[in-house]
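Given next are the chains, with one letter for each unit.
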Amino acid sequence: MLVCGNDILIPASEQGYGVGAFNFVNLEMLKSIFESADEVSSPLIVQASEGAIKYMGLDICVSLTKAFAQKYPHIPVALHLDHGTSFESCKNAIDAGFTSVMIDASHHCFEENLKMTQEVVQYAHRFGVSVEAELGRLMGIEDNILVDEKDATLVNPKEAEIFVKESGVDFLAPAIGTSHGAFKFKGEPKLDFERLSEVKKLTKIPLVLHGASAIPDSVRESFLSSGGDLKGSKGVPFEFLQEAIRGGINKINTDTDLRIAFIAEVRKVANANNSEFDLRKFFTPAMQAVKEVIKERMQLLGSANKI
Ligand code: G3H
Ligand code: 13P
Ligand code: ZN
């Protein structure tokens, strides 16, 4: 059943577990995500970026998700706009049927970020749609980073408190040292968990971890054995994801892990038979691999068996 983001994340926040928010760009990804949730009985957030919407079409994103939500009525699922960059983008998603949106104005100054977020909240809440915003910049932090530099990059907990109070936003993504993609940390993985706990204490709302892909060894190995190159790749270790949940994170944004797992299988089929051109021969093992990653993640985050 299609529900608003709050219906998924308020229980997660109250009970202290995490829900993966999985990105999709096509039927195969969405099918893998829904089948995984069904098989491990997990609530679900599926999300589409502006790029994904451009690729698929806004109406198709919504109708595909609705078709799966209808097929699996026992799965509570929110359809979320990932990294909306403007009021228009959020409004279009809401008008089309998205049940949750992110307004990402984190690259603007605090006042502008707050103003843009307030506008989106005002519109979204009229339709029962939840809103996520972001504070700080998504960047890896290193051991030798200066305190000033850290403060300039990561979320400021006091600002987060004011921001949440004045915007009425439902979820907040605080920058604590993660970044998007496969190359998250130059040295040892490091996140600012103290800052995270402070933000949770002062805001008390569900928090979001962007750039939460883990690049587990099994996924990396599979990509490498297919002939892919992932030199220098590093994800967020599983135990960091669990510690983040203990610190107040409830929405765990995951895209890169799924992409890597999918493409590894596609390349393996291509390598094994260079005269193969039946799309299903490529995508069936690719979906299976993606499902394994998602189901394992749902268990790890604690959302499995919550429905
Ligand atoms: O946060 C970024 C997501 O992984 C979506 O990426 O803009 O390439 O669709 P994308
Ligand atoms: P990853 O690149 O770590 O999968 O992060 C995805 C994300 O944050 C989507 O908003
Ligand atoms: Zn993100």
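Residues numbered from 1 in each chain as written. Chains lettered and ligands numbered in written order. Predicted model: local features only at pLDDT ≥ 70, side-chain atom pairs only at ≥ 80, totals over all residues. Heavy atoms only, no water.

A word on the coordination of the zinc ion (ligand 3)
Thinking step 1. Here the zinc ion (ligand 3) is held by H83 (NE2), H180 (NE2) and H210 (ND1), and the distances to it run 2.0 to 2.1 Å.
Thinking step 2. In primary-sequence terms, the residues that donate to the zinc ion (ligand 3) follow H-x96-H-x29-H. Here H83, found in strand β3 (residues 77–84), pairs with H210, found in the loop between β7 (207–209) and α10 (217–225); they are 127 residues apart in sequence, far enough to count as distant.
Thinking step 3. A relative accessible area of 16% means that H83 is categorised as buried. (Donors = N, O, S within 2.8 Å, 3.2 Å for Na, K, Ca; no water. Helix = DSSP H or I, 4+ residues; strand = E, 2+ residues; numbered from the N terminus. Buried < 20%, exposed > 50% of the residue type's maximum accessible area, 1.4 Å probe, protein only.)

Quick notes on the site of ligand 2
Thinking step 1. The environment of ligand 2 is made up of 15 residues, and the closest members are D82, K184, S213, D255 and T256.
Thinking step 2. Compared with its free state, where it exposes 310 Å², ligand 2 has 96% of that area covered by protein.
Thinking step 3. Breaking the shell around ligand 2 down by element, the ones donating at least two residues are β3 and β8 (249–254).
Thinking step 4. Residue composition of the shell around ligand 2, grouped by class: one nonpolar, eleven polar and three charged. (Near = heavy atom within 4 Å. Areas by Shrake-Rupley, 256 points an atom, 1.4 Å probe, with all protein chains shown as cover. Nonpolar A, V, L, I, M, F, W, Y, C, P; charged D, E, K, R; others polar.)

Here we look at the nonpolar core
Thinking step 1. Counting 88 residues, the largest nonpolar core has F24, L44, V46, F98, V101 and L172 as the members making the most contacts within it.
Thinking step 2. If you tally residues by element for this core, the top one is helix α13 (residues 279–301), at nine residues.
Thinking step 3. Among residues more than four places away in sequence, those in contact with V101 are H80, L81, C90, A93, I94, V120, V129, S130, V131 and E132.
Thinking step 4. With twelve residues, the next largest nonpolar core counts V3, I8, Y17 and A78 among its residues. (Core = buried A, V, L, I, M, F, W, Y, C linked by side-chain atoms within 4.5 Å. Contact = heavy atoms within 4.5 Å.)

What about the UniProt feature "binding site: dihydroxyacetone phosphate" (unreviewed entry) in the protein?
Thinking step 1. Feature annotation in UniProt assigns "binding site: dihydroxyacetone phosphate" (unreviewed entry) to the following positions: G181, G211, A212, S213, N253, T254, D255 and T256. Look at the named residues: they lie 76 residues apart in sequence, but the longest C-alpha span between them is just 11.2 Å, so in the fold they bunch up.
Thinking step 2. On the accessibility criterion, A212 (0% relative accessible area) is buried.
Thinking step 3. Setting aside residues up to four positions removed in sequence, A212 forms contacts with K184, V236, L241, I252, N253 and R297.
Thinking step 4. Residue contacts for D255: discarding those within four places in its chain leaves N23 and S213. (UniProt positions renumbered as here; feature names shortened; annotations may be inferred.)

With respect to the side chain of S222
Thinking step 1. Looking at the element boundaries, S222 is found in helix α10.
Thinking step 2. A relative accessible area of 14% means that S222 is categorised as buried.
Thinking step 3. For S222, the residues in contact, after removing those within four places along its chain, are A264, E265 and K268.

Concerning the packing of helix α2 (residues 27–40) against helix α4 (residues 58–71)
Thinking step 1. Here α2 crosses α4 at 30°, and the two axes come no closer than 11 Å. By the criterion of interaxial angle, the relationship of α2 to α4 is roughly parallel. Both α2 and α4 take part in a crossing whose hand is right-handed. For the pair α2 and α4, contact is made by L27, L30, K31 and F34 and by L64, T65, F68 and A69, respectively.
Thinking step 2. Residue composition of the contact of α2 with α4, grouped by class: six nonpolar, one polar and one charged. (Axes fitted to C-alpha atoms, helices over the stretch in contact; angles between N-to-C directions. Parallel < 35°, antiparallel > 145°, perpendicular 65-115°, else oblique. Left-handed = near helix turned anticlockwise from the far one by under 90°.)

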